[in-house]
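Fold and geometry: a report
Listed below are the residues making up each chain.
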Amino acid sequence: MPDTAATSTPARKRYRFREYHVTAVVDPMTLPTFEAVCVTGEDHDCGATSGELHAEGELTRWIAEHCAQTGHDFYHRTTRATLRAEPGAWQ
């Protein structure tokens, strides 16, 4: 094996990585959050937002009220949940 100090070339190291499976599980101690943004509009989106709500029914109610007031009928919905990673066995 050559002397790396004399040749000024660092010694090469070989790494081997193993894979393992990770399962994402919803944390039952936290509530999911729902949010909607009105995207109705020809030139630009309305942009009205529901804010974060903790029940899907509340979100539907907000959409119904906004639709009744404005006649807008297109929305983007975001659902968030806290997940916990559960590492599995090494492969």
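Scroll up to find the structure.
Summary of the structure given here.

Rules used in this analysis
- Residues numbered from 1 in each chain as written.
- Predicted model: local features only at pLDDT ≥ 70, side-chain atom pairs only at ≥ 80, totals over all residues.
- Heavy atoms only, no water.
- Disulfide = S-S within 2.5 Å.
- Buried < 20%, exposed > 50% of the residue type's maximum accessible area, 1.4 Å probe, protein only.
- Salt bridge = Lys/Arg side-chain N within 4 Å of Asp/Glu carboxyl O.
- Core = buried A, V, L, I, M, F, W, Y, C linked by side-chain atoms within 4.5 Å.
- Helix = DSSP H or I, 4+ residues; strand = E, 2+ residues; numbered from the N terminus.
- Contact = heavy atoms within 4.5 Å.

**Comments concerning the state of the cysteines**
Following the criterion strictly, the structure yields zero disulfides and no others. The closest cysteine sulfur to the non-disulfide-bonded Cys 46 is located on Cys 38, 3.9 Å from its own sulfur. Given the relative accessible area of 33%, Cys 46 is considered partly exposed. Left without a disulfide partner, Cys 67 is nearest to the cysteine sulfur of Cys 38, which lies 8.7 Å away. Among the residues examined, Cys 67 registers a relative accessible area of 32% and is labelled partly exposed.

**Notes on the pattern of salt bridges**
Once their charged atoms are close, side chains differing in charge can pair, the charge on each being opposite to the other. A full pass over the atoms with the stated rule returns three salt bridges. Of the charged contacts, one joins Glu 86 and Arg 84 as a salt bridge, the two residues approaching to 2.8 Å between their closest N and O atoms. On the accessibility criterion, Glu 86 (32% relative accessible area) is partly exposed.

**A short note on the nonpolar core**
Membership of the largest hydrophobic core is limited to seven residues, which are Phe 34, Ala 36, Cys 38, Leu 53, Leu 59, Trp 62 and Tyr 75. Among the elements of the structure, β2 (33-38) and α2 (56-70) are those that each provide at least two residues to this core. With sequence-adjacent residues up to four places away left out, Leu 53 is seen in contact with Pro 32, Thr 33, Phe 34, Glu 58 and Leu 59.

**Quick notes on the environment of Met 29**
Within the secondary structure, Met 29 sits in the loop between β1 (20-26) and β2. Spatially, the C-alpha atom of Met 29 lies 9.0 Å from that of Thr 82, the residues being 53 residues apart in sequence.

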